[in-house]
Amino acid sequence: MPDCILESVSVAERTVDFVAVLVMAGSGERLGAGVPKAFVMLGGLPLWRHSANTLASLPGCRQVVLVVPADRVARTVGETQDFPVPVRVVPGGARRQDSVGMGLGAATARATVVAIHDAARPMLSRETALAVIREASRSGAALAAVPVRDTLKRVRADGTVESTLDRASLWQAQTPQAFRVEVARAAHAEAARQGLEATDDAALVEALGLSPVHVVRGDPWNFKVTEKPDLEVAEMLLARAGGTP
Ligand code: C5P
């Protein structure tokens, strides 16, 4: 009986080799901070560093690729000397999709899975990241998401409601979104070839039918810092948690 218990623990906790691609090349103008959003200070560190630390310290992390604004490459390289895994820093592109493509191009470590994460989500937990990475290894593609809580309205340009959506089957997509490496590479290459655009990576995989995409229940704390109040909430949560998400 003890052998069975040990076996189930090792299966549940098997290590998946992965590369983390952290995109942070957006301007983040809605935050109005004067510096790109990912470089705003949060809890004494640049915002990007929180999720980078979380991903780099997970079992199985083989490399971290940081996709940054072109004028921040050199400075960011200087801030990565203390990482526990190899790091590459590359410039991003005009759209998020382009930045992810640059990150995939720079991912050189041998790994089964690539985990793509918005640096703008600093409160990523180890549990959510590992669950998404494991599901991607098992099934090909997975993303963190939370069920929609509010009723959603489709609204016309004149401010009147056109329809009410059935929220029962609606989830809010987050990152990380993880894929077997060959699935992510094929999705981005084929999207570029076909001129397909999407605001997240899973949507490319869905549209191209490259793999079923599985949802892993994330948590509401993994929100995207977009406007000033989001930053204030993140500060409070970090202070409460003693500095680590
Ligand atoms: O604009 P949005 O908040 O959706 O961006 C999500 C993430 O993608 C952010 O971390 C942002 O820095 C990144 N991004 C990027 N390159 C772009 C646009 C956004 O790396 N051209």
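The paragraphs below set out a description of the structure included in this document. Computed from a predicted structure; not experimentally measured. (Residues numbered from 1 in each chain as written. Predicted model: local features only at pLDDT ≥ 70, side-chain atom pairs only at ≥ 80, totals over all residues. Heavy atoms only, no water.)

So, the nonpolar core
The biggest cluster of nonpolar side chains holds 33 residues, and the ones touching the most others in it are Phe18, Met24, Trp48, Leu55, Leu66 and Ile133. Top contributing element to this core by residue count: helix H5 (residues 126-139), with five residues. Leave out the neighbours within four places in its chain, and isoleucine 133 touches Val16, Phe18, Leu58, Val113, Ala115 and Ala178. In this structure, Leu104, Ala141, Ala145 and Ala202 belong to the second largest nonpolar core, which totals 25 residues. (Core = buried A, V, L, I, M, F, W, Y, C linked by side-chain atoms within 4.5 Å. Buried < 20%, exposed > 50% of the residue type's maximum accessible area, 1.4 Å probe, protein only. Helix = DSSP H or I, 4+ residues; strand = E, 2+ residues; numbered from the N terminus. Contact = heavy atoms within 4.5 Å.)

Focus: the site of the ligand
Around the ligand lies a shell of 14 residues, among which Val23, Ala25, Gly93, Ser99 and Lys224 are the nearest. Between the ligand and the protein, one listed contact pairs a nitrogen atom with a backbone N or O atom of alanine 94 at 3.0 Å. Between alanine 119 and the ligand, the recorded distance is 3.5 Å, taken from a backbone N or O atom to an oxygen atom. Compared with its free state, where it exposes 460 Å², the ligand has 82% of that area covered by protein. A breakdown of the residues in the shell around the ligand according to their chemical character gives six nonpolar, three polar and five charged. (Near = heavy atom within 4 Å. Polar contact = N/O pair within 3.5 Å; in protein donor to acceptor, adjacent residues only side chain to side chain. Areas by Shrake-Rupley, 256 points an atom, 1.4 Å probe, with all protein chains shown as cover. Nonpolar A, V, L, I, M, F, W, Y, C, P; charged D, E, K, R; others polar.)

Describing the sheet that holds strand E4 (residues 61-68)
One open sheet accounts for seven strands, arranged E5-E4-E1-E6-E10-E7-E11; its pairing is mixed. Either end of the sheet is taken by a strand with one partner, and the two such strands are strand E5 (87-91) and strand E11 (214-217). Ignoring strand direction, the axes of neighbouring strands in this sheet form an average angle of 25 degrees. Pairing of E4 with E5 involves five bridges; the strand directions are parallel. Among the inter-strand pairings, valine 65 is bridged to a residue of E5, identified as arginine 88. (Pairing = 2+ DSSP bridges. Axes fitted to C-alpha atoms, helices over the stretch in contact; angles between N-to-C directions.)

Looking at the pattern of salt bridges
The final tally for this structure, using the stated rule, is 10 salt bridges. As a salt-bridge pair, aspartate 118 and arginine 96 come within 2.8 Å of each other at their nearest N and O atoms. Of this pair, aspartate 118 sits in strand E6 (residues 113-118) while arginine 96 sits in helix H4 (residues 96-106), and the two are 22 residues apart along the sequence. A salt bridge links arginine 193 to glutamate 190; the nearest nitrogen and oxygen atoms lie 2.7 Å apart. With a gap of three residues between them, arginine 193 and glutamate 190 both fall in helix H6 (residues 181-194), about one helical turn apart. Exposure remark for glutamate 190: the relative accessible area of 23% places this residue in the partly exposed category. If you follow the salt bridges from partner to partner, you end up with Arg96, Asp118, Arg121 and Asp201 in one network. (Salt bridge = Lys/Arg side-chain N within 4 Å of Asp/Glu carboxyl O.)

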